[in-house]
Amino acid sequence: MNIFAKILIVDDEVMVTKTLKTLLKLEGYSNVFTFNSPNEAVEWLKTNKCSVIISDFIMPDMNGIEFLIKAKEIDPNVTQILLTGYADKENAIKAINEVGIFKYIEKPWNNDDIILNIKNGIERTHLKNQLENKIKELEELNKNLENGKYYASIIIPKDFTKNSIQKNGKINVTINEGLNPMITMQLSNALSMVGKGSEINFDIKSINSVTSLGMKAMLIPMISIMMTFITSLITAYLVAINIKDKNKGKSYLKQLLYLLVMSFIIGFTVSALVISIASVDIKIVKPALYLTLVSFALMLLINGSVNLLGKKGLVIPMLLFILGMGTVQLPYEYLNEVWQIVVASWEPFRYIGNGIREVLYQNKDILNSATLSLVIIGVVGIILSIISIYNKKEG
């Protein structure tokens, strides 16, 4: 019995509210609040929550049903009990059906009966609140799964014991396969092994499923990035060394135009080749546009490095590529702490890898978690080119 639950009593007769409050205090309930005006009770409910409301039916200004409707609008989970005279019985029954009142109790009431209904009402409100909180938790969990915050969720029943396992007790597992296919495969295999070695039954559900792709789900993002980088590297280098003019500013604008056009060619060509070679049913437009953005950002960086440093400038993008490909496939959590801090926290290819998986497997837009990294790469490339222009002018 929850003796600390809040109970609200509303009746225009002072004697009724005093009597009920005394009865409940004798039963151990200390949080009993009484009002002789339903309007005042409504105002109180706006800033206070309670488990049970007991309201008279016939009251001036506002009858009990009108009051309970307003109370329900404020707190849909609160249990409502209506006190009625015998003559109002028909209306009370109607209120139960239409308003959703928990019980109606005729005056004069039986003390044992009203106490039992209050106990049941408190339990009912508690269960409804628990259910609502659980639904909110599950909604938040699913939202975080879909947003890529979690790889998977495992929901274990509160009473999960050996006996419940033998009675076909289940552990609900939801896996976001598209977030990282490597994690998906390892987790699925681990759960399969646990299930075979015990009596535990896993109910596994997937979102952003890539099971049908098998190993291709891991290879497609990596191959796409490698092909995009190599073609972008060659293209940006050739543009930097071949498109030159006495007017350095004009020359750079021409380079930018070529890079923009070539980024579209690279993005769509790489996407078409990868999808064709892998023989997968993936629509080409979104991954092609994403790889176009990746290619353009990379070419801006490569072009800027070569404009400023010549062939030596290729070291910068190559170093980023070598460091990054070690983090493209692996989940961030798999990397050791030093690598996480020193490399993975800023390495653009890790974000590019996450971005391509979001586009391919999670149906997200081309502007995604990799966008900021791509913008930074592009801006750095433009700054390097601007520095090269002013250096040559001064020279």
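Residues numbered from 1 in each chain as written. Predicted model: local features only at pLDDT ≥ 70, side-chain atom pairs only at ≥ 80, totals over all residues. Heavy atoms only, no water.

## Section: the overall build of the protein chain
Consideration 1: Counting its secondary structure elements, the protein chain contains 14 helices and 8 strands.
Consideration 2: At 34 Å, the protein chain has a C-alpha radius of gyration far larger than the 21 Å of a compact globule built from 395 residues.
Consideration 3: Each principal axis of the C-alpha distribution contributes one length, and for the protein chain these read about 100 × 55 × 40 Å.
Consideration 4: Burial analysis of the protein chain (395 residues in total) assigns 43% to the buried set.
Consideration 5: A fraction of 68% describes how many contacts in the protein chain between residues 6 or more apart in sequence connect residues 24 or more apart. (Helix = DSSP H or I, 4+ residues; strand = E, 2+ residues; numbered from the N terminus. Rg over C-alpha atoms; globule rule 2.2 N^0.38 Å. Buried < 20%, exposed > 50% of the residue type's maximum accessible area, 1.4 Å probe, protein only. Contact = heavy atoms within 4.5 Å.)

## What about the packing of helix H8 (residues 216-242) against helix H13 (residues 348-361)?
Consideration 1: H13 packs onto H8 with a crossing angle of 125° between their chain directions and a minimal axis gap of 10 Å. By the angle class used here, H8 and H13 are oblique. Once H8 is placed against H13, the crossing between them reads as right-handed. Of the residues in H13, those touching H8 at Lys216, Ala217, Ile220, Pro221, Ile225 and Phe229 are Phe349, Ile352, Gly353, Ile356, Arg357, Leu360 and Tyr361. (Axes fitted to C-alpha atoms, helices over the stretch in contact; angles between N-to-C directions. Parallel < 35°, antiparallel > 145°, perpendicular 65-115°, else oblique. Left-handed = near helix turned anticlockwise from the far one by under 90°.)

## Topic: a nonpolar patch on the surface
Consideration 1: On the surface, a cluster of nonpolar side chains totalling about 410 Å² of accessible area is made up of Met226, Ile230, Ile234, Leu238 and Ile241.
Consideration 2: Relative to the elements of secondary structure, leucine 238 occurs in helix H8. (Patch = residues over 30% accessible without salt bridge, like charges linked within 9 Å, V, L, I, M, F, W, Y side chains within 5 Å. Areas by Shrake-Rupley, 256 points an atom, 1.4 Å probe, with all protein chains shown as cover. Salt bridge = Lys/Arg side-chain N within 4 Å of Asp/Glu carboxyl O.)

## Section: empty space enclosed by the protein
Remark: the empty space left among the atoms is shown by a probe the size of a water molecule rolled over them.
Consideration 1: All chains considered together, the criterion is met by 1 cavity of 30 Å³ or more.
Consideration 2: Taken together, Ile220, Ser224, Ser271, Val274, Ile275, Pro287, Leu291, Ile356 and Leu360 make up the full set of residues lining the largest cavity.
Consideration 3: Of all the secondary structure elements, the ones that give two or more residues to the lining of the largest cavity are H8, helix H9 (248-278), helix H10 (285-309) and H13.
Consideration 4: Top element by residues in the lining of the largest cavity is H9. It accounts for 3 residues.
Consideration 5: Residues of the lining of the largest cavity, tallied by class, amount to 7 nonpolar, 2 polar and no charged. (1 Å grid on protein atoms, 1.4 Å probe; cavity = no way out; pocket = protein on both sides within 12 Å on 5 of 7 lines; lining within 4 Å. Points joined across faces, edges and corners; volume = space filled by probe spheres on them. Nonpolar A, V, L, I, M, F, W, Y, C, P; charged D, E, K, R; others polar.)

## Considering the sheet that holds strand E3 (residues 52-56)
Consideration 1: In spatial order, the strands read E2-E1-E3-E4-E5; together these 5 strands make up an open sheet with parallel pairing. Strand pairing shows two members of the sheet lacking a second neighbour, strand E2 (32-35) and strand E5 (103-106), which therefore form its edges. Averaged over all neighbouring strand pairs, the angle between strand axes comes to 20°, with direction disregarded.
Consideration 2: In the sheet, strand E1 (residues 7-10) pairs with E3 via 4 bridges, with the strands oriented parallel. In the sheet register, valine 10 faces E3, and the bridge partner there is serine 55.
Consideration 3: Along the sheet face, helix H2 (residues 38-45) touches E1, E2 and E3 and points at about 160° away from the line of E1.
Consideration 4: Its contacts with the sheet put helix H3 (residues 64-74) on E1, E3 and strand E4 (79-84), and the angle it makes with E3 is roughly 160°. (Pairing = 2+ DSSP bridges.)

## Let's talk about the pattern of salt bridges
Consideration 1: If you walk through the whole model with that rule in mind, you get 5 salt bridges.
Consideration 2: Across the salt bridge formed by lysine 49 and aspartate 75, the nearest N and O atoms sit 3.3 Å from each other. Linking lysine 49 in the loop between H2 and E3 with aspartate 75 in the loop between H3 and E4, this pair joins segments that are 26 residues apart in sequence.
Consideration 3: A residue is classified by how much of its surface remains accessible, and lysine 49, at 53% relative accessible area, is exposed.
Consideration 4: Given a relative accessible area of 10%, aspartate 75 falls into the buried group.

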